[in-house]
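# Analysis of the macromolecular model
As a plain string of letters, each chain reads:
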Amino acid sequence: MAIPFDRGYYKQPFVKLVSEYPGEDAYPIADFRTEWGPIFHRGRLDGSARVLILGQDPAQHEAIVRRVLVGTAGKRAQGFLKRLGVIRSYVFINTFLYSVYGQGGGTRHIANQLIAAYRNRWIAAILRGNAIEAVVAFGGLANTAWQDWLASPAAVEFSSSPPFQHLTHPTWPQSSAHTRAEQEAATTKMLENWNGGLRTLKPAIQNPDVAGELELYGPAFDSDDLPDIPPDDLPPGLPSWMRTEEGWADRKGETVLDKRRTIVVRVPKEVLPQQT
Ligand code: URA
């Protein structure tokens, strides 16, 4: 059976976009992990995307597979799309091309005009090339990125802007909570926020991949809420556990510098024959 894969950036305007990305002139190495290279998108660039998702910045899993939102945040966002009936007609980009390093780096650089101008070229290319029916920004910085786009001269070309929702970032429960109980409470709060987004956006999706009534989240994620990343979204030949397992890559190191230089990738035990 043929195994689908993402052919990458073979069509204009994306060929040009990925060959003209900003480097350390826009993204200082003190605040961004530019050493791991830029990571651009995930999903359809062939005109079939109906939902545009804006995330924040790539992390270690994204650095390995070279597509955005493939780790915990990505699977949660994938589950959100599924509840909208969208299982392949989407495209994800991030606010930042490189992983933010250290505290406050994202906030410090959200108004950077070089960063915004390049991101707005991506947004314009996606809106021009696809009939986008809804836009979601996960997190405050992604919301600022979308507002920045709306205020940009390029946005004037589009007579109307798709329905938009600013929702809580998918890993906010982890980053905001100190205890398990706090994390569970934060997850419930986030899912209530996402339910608001689902209620608003569901009627806007005229062409879902899967028709059906809207089912809202309960107080916690259930197992169907963390779907695998489709192979169609990733470069050819990546092992399937990279799409199904959570947490197979970690930054590790004895010193701060070491940790910055090192991502440890571990094949899940279950993938290999068990040794006695
Ligand atoms: N990974 C991404 O690519 N974006 C996020 O916002 C979070 C994790």
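Rules of the game
- Every chain begins its residue count from 1, and numbering advances along the sequence as written.
- For a predicted model such as this one, the threshold for reporting local features is a pLDDT of at least 70, and the threshold for listing and counting side-chain atom pairs is 80 or more; totals across whole chains, interfaces and linings nevertheless cover every residue.
- Only hydrogens and water are set aside when side-chain values are computed; all heavy atoms of the structure are taken into account.
- Salt bridges are defined as contacts in which a side-chain nitrogen from Lys or Arg sits within 4 Å of a carboxyl oxygen from Asp or Glu.
- For helices the rule is a DSSP run of H or I covering at least 4 residues; for strands it is a run of E covering at least 2, with both sets numbered from the N terminus onward.
- For every residue, the accessible area obtained with a 1.4 Å probe (protein chains only) is divided by the maximum for its type, and the residue is called buried under 20%, exposed over 50%, and partly exposed between those limits.
- Positive charges come from Lys and Arg, negative ones from Asp and Glu, while His and the chain ends are left out of the count.
- In what follows, residue pairs with any heavy atoms lying within 4.5 Å of each other are defined as contacts.
- Cavities and pockets were defined on a 1 Å grid built from protein atoms only: a cavity is a group of points that admits a 1.4 Å probe but offers it no way out, a pocket is an open group of points flanked by protein on both sides within 12 Å along at least five of seven lines, and a lining residue is one with an atom within 4 Å of any such point.
- Grid points are joined across faces, edges and corners, and a volume is the space filled by probe spheres set on the points.
- Asp, Glu, Lys and Arg are counted as charged, while Ala, Val, Leu, Ile, Met, Phe, Trp, Tyr, Cys and Pro are counted as nonpolar; the rest, among them Gly, fall into the polar class.
- The axes used here are C-alpha line fits, helices contributing only the stretch in contact, and every angle between their N-to-C directions lies in the interval 0 to 180 degrees.
- An angle below 35 degrees is read as roughly parallel, one above 145 as roughly antiparallel, one from 65 to 115 as roughly perpendicular, and any other as oblique.
- A strand pair is defined by DSSP finding two or more bridges across the two strands.
- Summary of the distance rule: residues count as near a molecule or strand when at least one heavy atom falls within 4 Å of that molecule or strand.
- Counted as a polar contact is a pair of N or O atoms within 3.5 Å, where, for protein atoms, one must be capable of donating a hydrogen and the other of accepting one, and residues adjacent in sequence contribute only when both atoms are in side chains.
- Note on areas: Shrake-Rupley with a 1.4 Å probe; residue coverage comes only from the protein chains shown.
- Placement in a cavity or pocket follows one criterion, namely that more than half of the molecule's atoms lie within 2 Å of its grid points.

Per an unreviewed UniProt entry, the protein chain goes by the name Uracil DNA glycosylase superfamily protein and belongs to Nitrosospira multiformis.

### Considering the pattern of salt bridges
This model, assessed by the stated rule, comprises 14 salt bridges. Ionic pairing is found between Arg 67 and Asp 6, a salt bridge with its closest N-O pair at 2.7 Å. Within this pair, whereas Arg 67 is found in the loop between helix 2 (60-65) and helix 3 (72-83), its partner Asp 6 is found in the segment before helix 1 (14-19), the two being separated by 61 residues in sequence. A single burial state applies to Arg 67 and to Asp 6, both of which are buried. Arg 128 is paired through a salt bridge with Glu 157; the nearest N and O atoms lie 2.7 Å apart. Taken together, the residues span a long stretch of sequence, with Arg 128 in helix 5 (residues 113-129) and Glu 157 in the loop between helix 6 (140-150) and strand 5 (164-167) at a distance of 29 residues.

### So, the side chain of Lys 202
By the element assignment, Lys 202 lies in the loop between helix 8 (180-201) and helix 9 (241-244). Although Lys 202 lies buried, it forms no salt bridge, and the closest oppositely charged side chain, Glu 213, sits 7.6 Å away as judged by the N-O distance. Leave out the neighbours within four places in its chain, and Lys 202 touches Arg 83, Leu 84, Gly 212, Glu 213 and Leu 214.

### Re the layout of surface pockets
Quantified by volume, the largest pocket comes out at close to 910 Å³. Forming the boundary of the largest pocket are 36 residues, of which Gln 56, Asp 57, Ala 59, His 169 and Thr 171 lie nearest the centre. For the lining of the largest pocket, the secondary-structure elements that each account for two or more residues are helix 2, helix 3, helix 4 (105-109), helix 6, helix 7 (172-176) and strand 6 (249-251). Of the residues that constitute the lining of the largest pocket, the class distribution is 9 nonpolar, 22 polar and 5 charged. Approximately 300 Å³ is the volume attributed to the second largest pocket. Lining the second largest pocket are 15 residues, and of these Lys 82, Arg 83, Gly 85, Glu 213 and Glu 215 sit closest to its centre.

### Re empty space enclosed by the protein
Enumeration over the complete set of coordinates arrives at 2 cavities of 30 Å³ or more. Estimated volume of the largest cavity: approximately 70 Å³. Secondary structure elements with two or more residues in the lining of the largest cavity: strand 3 (90-94) and helix 5. Sort the elements by how many residues they give to the lining of the largest cavity and helix 5 lands first, with 4 residues. Of the pockets and cavities examined, the second largest cavity occupies roughly 40 Å³.

### With respect to the packing of helix 5 against helix 6
Axis separation between helix 5 and helix 6 bottoms out at 10 Å; the angle between their running directions is 75°. Taken as axis vectors, helix 5 and helix 6 run roughly perpendicular relative to one another. Between helix 5 and helix 6, the residues in contact are Gln 113, Ala 116, Arg 119, Asn 120, Ile 123, Ala 124 and Leu 127 and Ala 145, Trp 146, Asp 148 and Trp 149, respectively. Each residue belonging to the contact of helix 5 with helix 6 can be placed in one class, and the counts come to 7 nonpolar, 2 polar and 2 charged.

### Structural notes on the pairing of strand 3
Burial runs high along strand 3: 5 of the 5 residues are buried. Burial along strand 3 is two-sided: Tyr 90, Phe 92 and Asn 94 facing one way and Val 91 and Ile 93 facing the other are all buried. Note that strand 1 (residues 41-43) and strand 3 share 3 bridges and pair antiparallel. By the bridge assignment for strand 3, Gly 43 is matched with Val 91.

### Observations concerning the environment of Leu 127
Here Leu 127 is to be found in helix 5. Of the residues examined, Leu 127 reaches a relative accessible area of 11% and is grouped as buried. Here the alpha-carbon distance between Leu 127 and Lys 202, two residues 75 residues apart in the chain, equals 19 Å. Each residue touching Leu 127, except ones within four places of it in the same chain, is listed here: Ile 132, Trp 146, Trp 149, Phe 158 and Pro 162.

### Thoughts on the site of the ligand
In the vicinity of the ligand, the residues found are Gly 55, Gln 56, Asp 57, Pro 58, Glu 62, Val 68, Leu 69, Ala 73, Asn 94 and His 169. Between Glu 62 and the ligand, the recorded distance is 3.0 Å, taken from a side-chain N or O atom to a nitrogen atom. Between the ligand and Asn 94, the relevant distance is 2.8 Å, taken from an oxygen atom to a side-chain nitrogen or oxygen of the residue. For the ligand, whose accessible area on its own is 240 Å², the fraction buried by protein is 92%. Given that more than half its atoms are within 2 Å of the pocket grid, the ligand belongs to the largest pocket. Across the shell around the ligand, the residue classes tally to 4 nonpolar, 4 polar and 2 charged.

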